[in-house]
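What follows is each chain in one-letter form.
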Amino acid sequence: MIVDLPSTTTSAVNHALIDIRERGGAVALGRVLTLVIITDDSAQVEHSIEAANEASKEHPCRVLVVARGLKRAGTRLDAQIRVGGDAGASEVLVLRLYGPLADHGDSVVVPLLLPDCPVVAWWPGVAPPIPAQDPLGKLAQRRITDAAAAPHPIRALESRRVSYADGDTDLAWSRLTPWRALLATALDLPPYEDVDTVTVTGAADNPSADLLAGWLRSRLHVPVRRRTSPPGGGISSASLERRGGAVELVRPDGKVGTLRQPGQPERRVPLRRRPVRECLAEELRRLEPDEIYQAALQAMTEVNGRRSGAAKSIRSDERQGAP
Amino acid sequence: MSAPHRANPLLDSRDKRLPRIAGPCGVVVFGVTGDLSRKKLMPAIYDLANRGLLPPGFALVGFARRDWADENFAELVHDAVREHARTPFREEVWTRLSEGIRFVPGSFDDDGAFDDLASVISELDQEQGTGGNHAFYLSIPPAMFPVVLKQLARTGLATHDGDQWRRVVIEKPFGHDLRSARELNDIVSSVFDEESVFRIDHYLGKETVQNILALRFANQLYEPIWNSNYVDHVQITMAEDIGLAGRAGYYDGIGAARDVIQNHLLQLLALTAMEEPLSFSPESLRGEKIKVLSATKLVEPLDETTARGQYTAGWQGGTKVVGVLQESGFRQDSPTETFAAITLSVDNRRWAGVPFFLRTGKRLGRRVTEVAVIFKRAPHLPFEKTTTAELGQNALVIRIQPDEGVTIRFGSKVPGTAMEVRDVTMDFRYGMAFTESSPEAYERLLLDVLLGEPSLFPVNAEVELSWGILDPVLEHWAKQNGPEPYPAGTWGPPSADRMIAKTGRVWRRP
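Fair warning: this is a prediction, and the values are worked out from it, not measured in the lab.

Novice: Account for the sheet that holds strand 11 (residues 235–242) of chain A, with residues named and values stated.
Specialist: The strand order across the open sheet formed by six strands is 10-9-11-12-13-14 (chain A), and the pairing between neighbours is mixed. Two strands lie at the open edges of the sheet, namely strand 10 (224–229) and strand 14 (267–270) of chain A, each paired on one side alone. Taking each pair of neighbouring strands and ignoring which way they run, the sheet shows an average axis angle of 15°. Here strand 9 (residues 195–203) of chain A pairs with strand 11 of chain A via seven bridges, running antiparallel. Bridge pairing in strand 11 of chain A links A:Val195 to A:Arg242. Against the sheet, helix 8 (residues 207–220) of chain A touches strand 9, strand 10 and strand 11 of chain A, its axis set at about 170° to strand 9 of chain A. Contacting strand 13 (256–260) and strand 14 of chain A, helix 3 (residues 91–99) of chain B runs over the sheet at an angle of about 150° to strand 14 of chain A.

Listed below in structure tokens is the structure:
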């Protein structure tokens with residue numbers, strides 16, 4: 001069911017919600033969190049809602065979409081309530097903010113948060129420079145950004161590193177989980193040797209490749225090199241060099257990975273790039289600070305050959321990256 | 001075990017995102033053409049692969065008396081996956097999985113076939129890198145266990161070197177009484193150590209069953225009232241709406257009590273009634289379950305505290321269905337029950353005087369499994385009698401299937417000017433049941449087998465204690481006339497209602 005409330009107020013929205021609930025006869029709700037999606041009023045609204053609806057099947061939640069419309073317009077709030085089949089297992093409130101109100105999304109969100117439940121903020125597109133200081137970010141225990149969706153992904157990731165606060169996380173990090181799991185499992189097999197050096201190869205603008213390099217650096221404390229591969233391919237390989245032979249996970253086509261390690265036959269493993277809804281569901285699974293992510297972010301500065309935006313490192317990287 | 005020799009620098013207990021992927025290994029399935037194997041096991045293997053939880057190079061070997069090549073078996077798996085898997089079908093996942101699929105044709109008494117199996121397995125260790133780690137899944141009738149286990153021992157498949165593991169997975173029924181369970185266990189343990197034996201009770205893999213422990217031990221709210229001071233009685237129900245269709249031959253001679261009470265319901269009772277374990281380590285959990293099962297006794301006289309029935313023809317959920325005696329494969333004069341109910345007491349300080357009613361049956365009103373904890377009435381009601389005429393007892397119901405969740409029933413004022421209190425229910429359902437990411441019970445259990453994580457598998461002591469509880473009932477029933485008929489689509493025979501009414505209580509309508 002979809003209910004449109006043009007040019008409205010938050011108390012009218014709250015009223016309408018109670019109304020819908022009474023008419024539906026639902027006595028108790030099993031919502032476990034409020035997910036606030038902050039985006040511009042564009043096609044991204046529907047894409048994000050779709051992902052949130054999928055994720056809500058695992059985490060029933062109230063979804064508040066703060067869609068910032070034209071700032072030059074007069075102040076107005078248009079609301080739309082979606083429940084039932086139109087909202088997955090959640091209830092979705094799309095709040096379109098126009099005029100000066102567009103900069104005060106927090107004032108609209110506060111009255112609509114579920115009582116006593118965790119709040120998660122998600123910026124599917126461009127995130128604020130310091131998410132934890134953002135008025136909407138401050139309302140949330142957990143703040144999800146997506147460096148890959150920014151116009152300059154590597155710069156965005158660098159900004160995450162500088163502005164990190166407990167509760168921050170980035171979808172570039174959740175996209176990595178299958179890679180990290182495979183590499184970690186590979187080290188569970190003999191020979192149990194120390195890793196001497198690490199090389200991570202991926203598209204120059206791929207923030208996940210930087211994070212993978214950072215994570216390996218933070219765990220292994222050995223030299224880690226970041227190499228670039230043609231754009232668009234995501235991460236293409238990770239190689240952990242050891243005396244007895246390297247553990248190598250290679251994914252040239254973005255779909256199937258090949259795992260090579262000494263004493264084992266070469267094995268292929270499905271390793272497709274994860275869709276946003278899967279990453280989002282993973283993010284909603286845990287709400288405490290992610291210390292491993294923090295360590296990976298901080299260790300990125302110790303990775304060799306990484307473009308951090310500084311002109312010098314770009315030049316040296318291009319020299320190495322030349323075929 | 002997948003435990004590394006030294007700490008893996010990439011692992012960290014704070015890193016909760018990382019799923020535990022099984023180490024290199026393979027599964028050998030005996031009885032691949034069976035229903036369970038096609039509907040549950042193979043889809044579960046695919047779903048695990050799809051979630052990235054199986055090791056690269058995972059191997060699946062089928063063994064059956066069919067004149068098949070690897071491709072034929074792969075086709076069977078493919079169809080089973082296509083039809084029954086819960087996660088979407090992805091070509092790249094299937095291609096990887098199918099690379100590790102092998103088939104060995106032969107019968108269980110054929111030495112040559114098992115020699116072939118041994119060489120296929122060692123080939124897989126080379127080609128796929130399964131590393132000598134294999135789980136043998138016996139999806140076959142227990143009568144076949146001795147010959148298969150003997151073959152595994154003869155070909156050296158049951159033994160392993162140093163780091164490797166060999167495990168055996170068996171399913172219920174674990175015997176048909178205490179004596180046969182012991183015999184079965186002797187046979188299994190003559191070939192595999194107890195740590196390598198995984199008994200699958202798929203109920204224990206369900207999210208809600210594991211949630212019983214979270215509900216009880218992670219909350220302050222329930223534990224203080226979880227005892228005989230506040231609890232009046234407990235009802236544990238597993239009702240099925242289906243009849244025997246197809247399984248009649250297997251079911252005849254086994255019956256509802258052996259099929260369901262001995263394993264599922266007594267395990268649910270154990271989780272509901274056990275004391276808090278020191279930790280969630282497998283030893284502590286099992287220790288507590290063994291303690292509570294040791295304290296569990298039948299309430300006598302059995303004539304009055306048990307009931308059994310057979311469904312007769314009737315209308316069930318809008319369909320006309322035949323009675324059990326008309327099902328093909330079921331003996332016309334069979335005394336096998338399709339409904340069973342028993343009364344138990346747990347003789348310890350926490351539960352003294354609280355009866356536990358367990359019931360299960362086929363062709364009942366609807367499909368439902370639940371644990372209902374019914375509380376005592378408030379000791380004093382400061383209302384007029386008429387005010388609370390409609391007020392029942394508070395209840396906390398843990399729904400296991402099909403609609404997983406928790407319901408609480410309590411009294412509430414009826415809107416209006418008069419003071420009137422009536423029962424209302426508050427219902428919580430965690431949306432886990434219908435999502436791709438919540439693993440199905442078989443998936444969870446199979447992964448635990450491959451990881452060597454035994455918490456969710458009953459040990460032999462639990463199996464034997466459960467039979468010890470049930471055996472007197474079975475013996476008692478064997479001496480009586482046949483079960484009492486009940487029409488399909490109802491909640492069981494009148495004797496079940498009489499049995500609980502004698503104690504001044506009634507069955508919940510689940």
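Novice: So what about the interface of chain B and chain A? Which residues, and what values?
Specialist: Across the boundary between the two partners, chain B contributes 40 residues, which contact 49 residues of chain A. Between chain B and chain A lies a buried interface of about 3,800 Å² when both sides are counted; carbon and sulfur atoms form 58% of it. It is B:Leu10, B:Arg17 and B:Arg96 in chain B that bury the most area against chain A; as a group they hold 22% of the surface buried on that side. Here chain B and chain A share eight salt bridges between them.

Novice: Pulling in residues and values, what's your account of the packing of aromatic side chains?
Specialist: Aromatic ring pairs are reported here in terms of the distance separating the ring centres and the angle at which the planes meet. All names here are of chain B. Counting across every chain of the model gives 16 aromatic pairs over all chains. A ring pair is formed by Phe63 and Phe114, whose centres lie 4.7 Å apart and whose planes are at 40°; its orientation type is tilted. A residue pair is termed long-range when its members are at least 10 positions apart, and Phe63 in strand 2 (residues 59–64) and Phe114 in helix 4 (residues 111–127) qualify at 51 residues. For the pair formed by Phe63 and Phe114, the shared burial category is buried. A connected cluster of aromatic rings, assembled from ring pairs, spans Phe30, Phe63, Phe108 and Phe114. The ring of Tyr203 carries the charged tip of Lys206 above its face, separated from the ring centre by 5.6 Å.

Novice: Describe empty space enclosed by the protein, naming the residues involved and giving the relevant values.
Specialist: Under the counting rule described, the total for this entry stands at five cavities of 30 Å³ or more. Of the volumes computed, that of the largest cavity is approximately 70 Å³. Lining the largest cavity are A:Leu182, A:Thr185, A:Ala186, A:Leu189, A:Leu259, A:Gln261, A:Arg267, B:Ala22, B:Gly23, B:Pro24, B:Pro55 and B:Pro56. Of the residues contributing to the lining of the largest cavity, the split by class is eight nonpolar, three polar and one charged.

Novice: Can you lay out the environment of B:Trp507 for me, pointing to particular residues and giving the numbers?
Specialist: All names here are of chain B. Structurally, Trp507 can be placed in the segment after helix 14 (494–501). Trp507 sits 353 residues away from Arg154 along the chain, and the two C-alpha atoms are 53 Å apart. Reaching out from Trp507, the side chain makes a polar contact with the backbone oxygen of Ala496 at a distance of 3.0 Å.

Novice: Break down the packing of helix 7 (residues 207–217) of chain B against helix 9 (residues 255–273) of chain B for me, with residues and values.
Specialist: All names here are of chain B. Running from N to C, helix 7 and helix 9 cross one another at 15°; their axes reach a closest spacing of 9 Å. If you check the angle between helix 7 and helix 9, you find them roughly parallel. Of the two possible hands of crossing, helix 7 and helix 9 adopt the one that is right-handed. Note on element contacts: helix 9 touches helix 7 through Leu268, Leu271, Thr272 and Ala273, opposite Val209, Ile212, Leu213 and Arg216. Grouping the constituent residues of the contact of helix 7 with helix 9 by class yields six nonpolar, one polar and one charged.

Novice: So what's going on with helix 5 (residues 145–154) of chain B? Which residues, and what values?
Specialist: Residues and elements named next belong to chain B. Buried within helix 5 we find Phe145, Val148, Leu149, Gln151 and Leu152. Buried residues along helix 5 cover an arc of 155° about the axis, so they all sit on one side. Of the surrounding secondary structure, the elements contacted by the buried residues of helix 5 are strand 1 (26–30), helix 4, strand 4 (134–138), strand 5 (166–171) and helix 6 (178–191). Positive backbone phi, approximately 75°, marks Gly156, located one or two places after helix 5.

Novice: How would you explain the nonpolar core if you had to name every residue and give the values?
Specialist: Membership of the largest hydrophobic core comes to 145 residues, with the highest contact counts inside it found for B:Phe30, B:Leu117, B:Leu152, B:Phe356 and B:Leu358. Two domains share this core, each providing at least three of its residues, namely domain 1 (26–171) and domain 2 (204–501) of chain B. With near-sequence residues (within four places) excluded, B:Leu358 lies in contact with B:Ile236, B:Ile261, B:Leu265, B:Leu266, B:Leu269, B:Ala340, B:Ala341, B:Ile342, B:Leu344 and B:Trp507. Of all hydrophobic cores here, the second largest spans 44 residues; its members include A:Trp173, A:Ala209, A:Met300 and A:Val303.

Novice: Tell me about helix 12 (residues 441–451) of chain B, and name the residues and values.
Specialist: Because each turn of an α-helix spans 3.6 residues, side chains separated by three or four positions in sequence point in the same direction. All names here are of chain B. Helix 12 sits mainly inside the fold: 10 of its 11 residues count as buried. Among all positions in helix 12, only Ala441, Tyr442, Glu443, Leu445, Leu446, Leu447, Asp448, Val449, Leu450 and Leu451 are buried. In this structure, the buried residues of helix 12 make contact with strand 1, helix 1 (35–50), strand 4, strand 5 and strand 6 (197–200). N-cap assignment for helix 12: the residue whose side-chain oxygen lies 2.9 Å from the backbone N of Tyr442 is Glu440. One or two positions beyond helix 12, positive phi appears at Gly452, with a value near 70°.

Novice: Which residues make up the domain arrangement of chain A, and what values go with them?
Specialist: Residues and elements named next belong to chain A. Each assigned domain of chain A is listed here: domain 1 (2–170) and domain 2 (171–323). Taking only C-alpha atoms into account, the centre of domain 1 sits 31 Å from that of domain 2. The interface of domain 1 with domain 2 comprises 29 residues on the first partner and 32 residues on the second. In total, domain 1 and domain 2 occlude about 2,700 Å² of area from one another, counting both sides; carbon and sulfur atoms represent 66% of this. Its salt-bridge partner being Asp146, residue Arg175 comes within 2.9 Å of it at the nearest N-O pair. At the junction of domain 1 with domain 2, the criterion picks out 10 residue pairs in polar contact (both at pLDDT 80 or more). Contributions of two or more residues to the side of domain 1 that touches domain 2 are made by strand 2 (33–40), helix 2 (44–56), strand 6 (119–122), strand 7 (142–145), helix 5 (153–163) and strand 8 (168–170). For the side of domain 1 that touches domain 2, the leading source of residues is helix 5, giving six residues. Looking at the side of domain 1 that touches domain 2, its residues break down into 15 nonpolar, four polar and 10 charged.

Novice: How would you explain the pairing of strand 13 (residues 355–361) of chain B if you had to name every residue and give the values?
Specialist: All names here are of chain B. Among the seven residues in strand 13, seven count as buried, and that is most of the element. Residues of strand 13 alternate between two faces, with Pro355, Phe357, Arg359 and Gly361 on one and Phe356, Leu358 and Thr360 on the opposite face, all of them buried. Two elements, strand 7 (residues 231–239) and strand 13, share six bridges in a ladder whose sense is parallel. Considered in strand 13, the bridge of Ala239 is made with Gly361. As paired strands, strand 12 (residues 339–346) and strand 13 are joined by seven bridges and run antiparallel to one another. Across the sheet, residue Ala341 finds its bridge partner in strand 13, namely Arg359.

Scoring rules and cut-offs
- Within each chain, residue numbers correspond to sequence positions counted from 1 in written order.
- The lettering of chains begins at A and the numbering of ligands begins at 1, in the order of writing.
- Residues qualify for local features only when their pLDDT is at least 70, as the model is predicted, and side-chain atom pairs are given and counted only at 80 or more; totals for whole chains, interfaces and linings, by contrast, use all residues.
- Where side-chain values are given, they derive from all heavy atoms of the structure, hydrogens and water being excluded.
- DSSP calls a pair of strands paired once it identifies at least 2 bridges connecting them.
- Helix and strand assignments come from DSSP, with helices taken as H or I runs of at least 4 residues and strands as E runs of at least 2, each series counted from the N terminus.
- Axis definition: a line fitted to C-alpha atoms, over the contacting stretch in the case of helices. Angles run 0 to 180 degrees between N-to-C directions.
- We call two residues in contact when some of their heavy atoms are within 4.5 Å.
- In this description, buried area is defined as the sum, over both parts, of the accessible area (probe of 1.4 Å) that is lost when the two are combined.
- Salt bridges are defined by distance alone: a side-chain nitrogen of Lys or Arg within 4 Å of a carboxyl oxygen of Asp or Glu.
- Any two of the Phe, Tyr and Trp rings considered here, Trp counted by its six-membered ring, make a pair once their centres fall within 6.5 Å; the pair's planes then place it as stacked at under 30 degrees, edge-to-face at over 60, or tilted in between.
- Accessible area is worked out with a 1.4 Å probe on protein chains only. A residue is then buried under 20% of its type maximum, exposed over 50%, and partly exposed in between.
- In this analysis the charged atom, NZ for Lys or CZ for Arg, is taken to sit over a ring once it is within 6 Å of the ring centre and within 35 degrees of the ring normal.
- Definitions used for this entry: grid spacing 1 Å over protein atoms alone; cavity, a set of points where a 1.4 Å probe fits but cannot get out; pocket, an open set with protein on both sides within 12 Å along at least 5 of 7 lines; lining residue, one with an atom within 4 Å of a point.
- Grid points are joined across faces, edges and corners, and a volume is the space filled by probe spheres set on the points.
- When residue character is reported, Ala, Val, Leu, Ile, Met, Phe, Trp, Tyr, Cys and Pro are called nonpolar, Asp, Glu, Lys and Arg charged, and the others, Gly included, polar.
- Each polar contact in these results corresponds to two N or O atoms within 3.5 Å; when the atoms are within protein, one needs to be able to donate a hydrogen and the other to accept it, and residues that are neighboring in sequence are counted only if both atoms are side-chain atoms.
- Angles below 35 degrees are treated as roughly parallel, those above 145 as roughly antiparallel, those between 65 and 115 as roughly perpendicular, and all remaining angles as oblique.
- For a crossing to be left-handed, the near helix must be turned anticlockwise from the far one by less than a right angle; the clockwise case is right-handed.
- The reported arc concerns the directions from the helix axis to the C-beta atoms and nothing else.
- The nonpolar core is taken to be a set of buried Ala, Val, Leu, Ile, Met, Phe, Trp, Tyr and Cys residues, with the residues joined through side-chain atoms within 4.5 Å.
- Start and end positions for the domains come from either an automated domain assignment or a database one.

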